[in-house]
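Here is how the chains run, residue by residue.
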Amino acid sequence: MPDLREFCDRMWRGEIDTVRELHPIIGFWNDGEAEEIEEGLLYYKTVASVSTIDTGDGLVMLDTGTEYDTERIYEGVRDWRPSAELQAAVFSHHHTDHIFGMAPFEQEAAAKGRSLPTVYGHRSMPGHFDRYRRTWGYNRAINSRQRARPGMSAESGQVFWPNEFRYPDVTFDNKLRVSVGDMTLELSNTRGETEDAVWVWIPERKWLFPGDLFIWAVPNAGNPQKVQRWPGEWAAGLRQMAGKGAELMVPGHGLPIFGADRIAEALTDTADLLEHIESHTLALMNEGYTLDRVLQTVEIPKRLTDKPWLKSAFDRPEFIVHNVWRLYGGWYEGEPDRLLPAPRAAEAAEWVTLAGGLGWVLDRARTHLQNGDLELACHLVEGAALAAPSSPDVHTLRAQVYDARAEAQDSSMARGIFSFAAMSSRDGKRDLFNP
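So, here's what we can say about the structure. Just so you know, these numbers come straight off a predicted model, no measurement behind them.

Overview of the environment of I300
Positionally, I300 belongs in the loop between α8 (291-297) and α9 (302-305). The spatial distance from the C-alpha of I300 to the C-alpha of N371 is 27 Å, given a sequence separation of 71 residues. With residues up to four places along the chain from it excluded, the contact list for I300 reads L273, H276, I277, T305 and P317.

Overview of the packing of aromatic side chains
Under the definition given, this model contains 11 aromatic pairs. On the numbers, 5.2 Å between centres and 70 degrees between planes, the contact of F129 with Y167 is edge-to-face. Of this pair, F129 sits in helix α4 (residues 125-134) while Y167 sits in the loop between α5 (136-146) and β7 (170-172); the two residues are 38 residues apart in sequence, bridging distant segments of the chain. With 5.2 Å between their ring centres and 90 degrees between their planes, Y132 and W161 make a pair best called edge-to-face. You can see Y132 sitting in helix α4 and its partner W161 sitting in the loop between α5 and β7, a full 29 residues away along the chain. Pair check on accessibility: Y132 and W161 agree, each one buried. Each member of the aromatic cluster is reached from another via a ring pair, and the members are F100, F129, Y132, W161, F165 and Y167. Just above the ring of W207 sits the side chain of R205; from NZ or CZ to the centre is 6.0 Å.

Notes on the sheet that holds strand β1 (residues 35-38)
Overall, mixed pairing links the seven strands, which are arranged β1-β2-β3-β4-β5-β6-β7 in an open sheet. Strand pairing shows two members of the sheet lacking a second neighbour, β1 and β7, which therefore form its edges. Neighbour to neighbour, the strand axes of the sheet diverge by 25 degrees on average, direction disregarded. Two elements, strand β2 (residues 41-45) and strand β3 (residues 49-54), share five bridges in a ladder whose sense is antiparallel. Note that in β3 the partner of K45 across the bridge is S49.

Some points on the packing of helix α13 (residues 374-387) against helix α14 (residues 392-407)
Close contact between α13 and α14 brings their axes to 10 Å; oriented N to C, the two are set at 150 degrees. The pairing of α13 with α14 is recorded here as roughly antiparallel in orientation. α13 and α14 meet at a crossing whose hand is left-handed. Across the interface between the two elements, L374, E375, A377, C378, V381, E382, A384 and A385 of α13 pack against V394, L397, R398, V401, Y402, A404 and R405 of α14. Among the residues making up the contact of α13 with α14, the classes are represented as 11 nonpolar, no polar and four charged.

Observations regarding helix α10 (residues 317-329)
An ideal rise of 1.5 Å per residue puts 18 Å on 13 residues; α10 measures up with 18 Å between its terminal C-alpha atoms. For α10, the complete set of buried residues consists of P317, F319, I320, V321, N323, V324 and W325. If you follow the buried residues of α10, they end up packed against α6 (231-242), α7 (260-286), α8 and α15 (412-426). In the segment just after α10, G330 is the residue with positive phi, at about 85 degrees.

Thresholds applied
Residues numbered from 1 in each chain as written. Predicted model: local features only at pLDDT ≥ 70, side-chain atom pairs only at ≥ 80, totals over all residues. Heavy atoms only, no water. Helix = DSSP H or I, 4+ residues; strand = E, 2+ residues; numbered from the N terminus. Contact = heavy atoms within 4.5 Å. Phe/Tyr/Trp six-rings, centres within 6.5 Å; stacked < 30°, edge-to-face > 60°. Buried < 20%, exposed > 50% of the residue type's maximum accessible area, 1.4 Å probe, protein only. Lys NZ or Arg CZ within 6 Å of the ring centre and 35° of its normal. Pairing = 2+ DSSP bridges. Axes fitted to C-alpha atoms, helices over the stretch in contact; angles between N-to-C directions. Parallel < 35°, antiparallel > 145°, perpendicular 65-115°, else oblique. Left-handed = near helix turned anticlockwise from the far one by under 90°. Nonpolar A, V, L, I, M, F, W, Y, C, P; charged D, E, K, R; others polar. Expected span 1.5 Å × (residues − 1).

Remember, this is a structural readout, not a statement about activity or role.
Here it is in structure tokens:
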């Protein structure tokens, strides 16, 4: 089994490719085996990180994994501490890769006549679970698009989305201190990826658990299919964490970071990136720029993009610009013809007619594909698909274009959406959920 600390050191130095080799979200460490990384701290990583702490008077879990990890996490904890009672769990936020591991422990507690573990979460978490239940179909669709992989079929490409959730027992607003055994858990809310984001500081051990506020990649602050994010407040929270002097940090995704200097650097760099994007976007908005011009103008300093923990493995800086625009400026992008537009299909049909017919548009799209001008190839083939949604020739080319676009992406989020478009066209549709 590889040595975790040595592997983390190689990641820090950039010797491990976090885009293709060990992706912070979809990459696996040790085949999902739990490992004690500090005395009294059991670490488990598959999609997300799960930490179990022995407080000296029972166990506390910080996040509890996906529904697919539930039994494996339970077995790992019980192999490590066979009889210690699970006293509590903290949900860092409401996303489904962090909240589904409680059931076996609660069943165990009920069977032994014990009190059920107490689950802590931010006060806005129940409302987000309610929102998930109201938007079940929408979330199934957008997560199917986001998680698509090259070569997926229409049958395998649609994800399961839950409709039942474990609501927290105790909620709080800004801060909460919880004492268990010989440890103090200081829970703090920072709006970032989610409104209910919670990070945990354990001063007695100098352990920091930022949840998804740090993920070994460009922060997930711009996800194009998800609800509002707050880059400025996120950066402020990262700076608070950086000031703690943590000696071990276990991120919500990606492997641990050991050492106070490294932790402070990683958190500060991530704050710098978010603040740079927000401040430059706002400066251009204040000049009256359109969204398109803002997107073409904002640049990220190379000193940040070169850092191994700030690669565009999941989100992209351009997506964060969109979210800053939405937060401060609403949905209108500044282009008057897009304010009350004609239906896209009607617009596309007009452009195809002006181009001289569908064949000319497809030929031009093929030329762009062959030349590597994938953005323009996408625009043209998408217009063709809107104008002729049942054309096999259109869908054959469209699948080729989006396969190529997906292959060129470092961002797994963008790669998933492009792969889903290709997969849909292989099934003769623009979108499996919206043909």
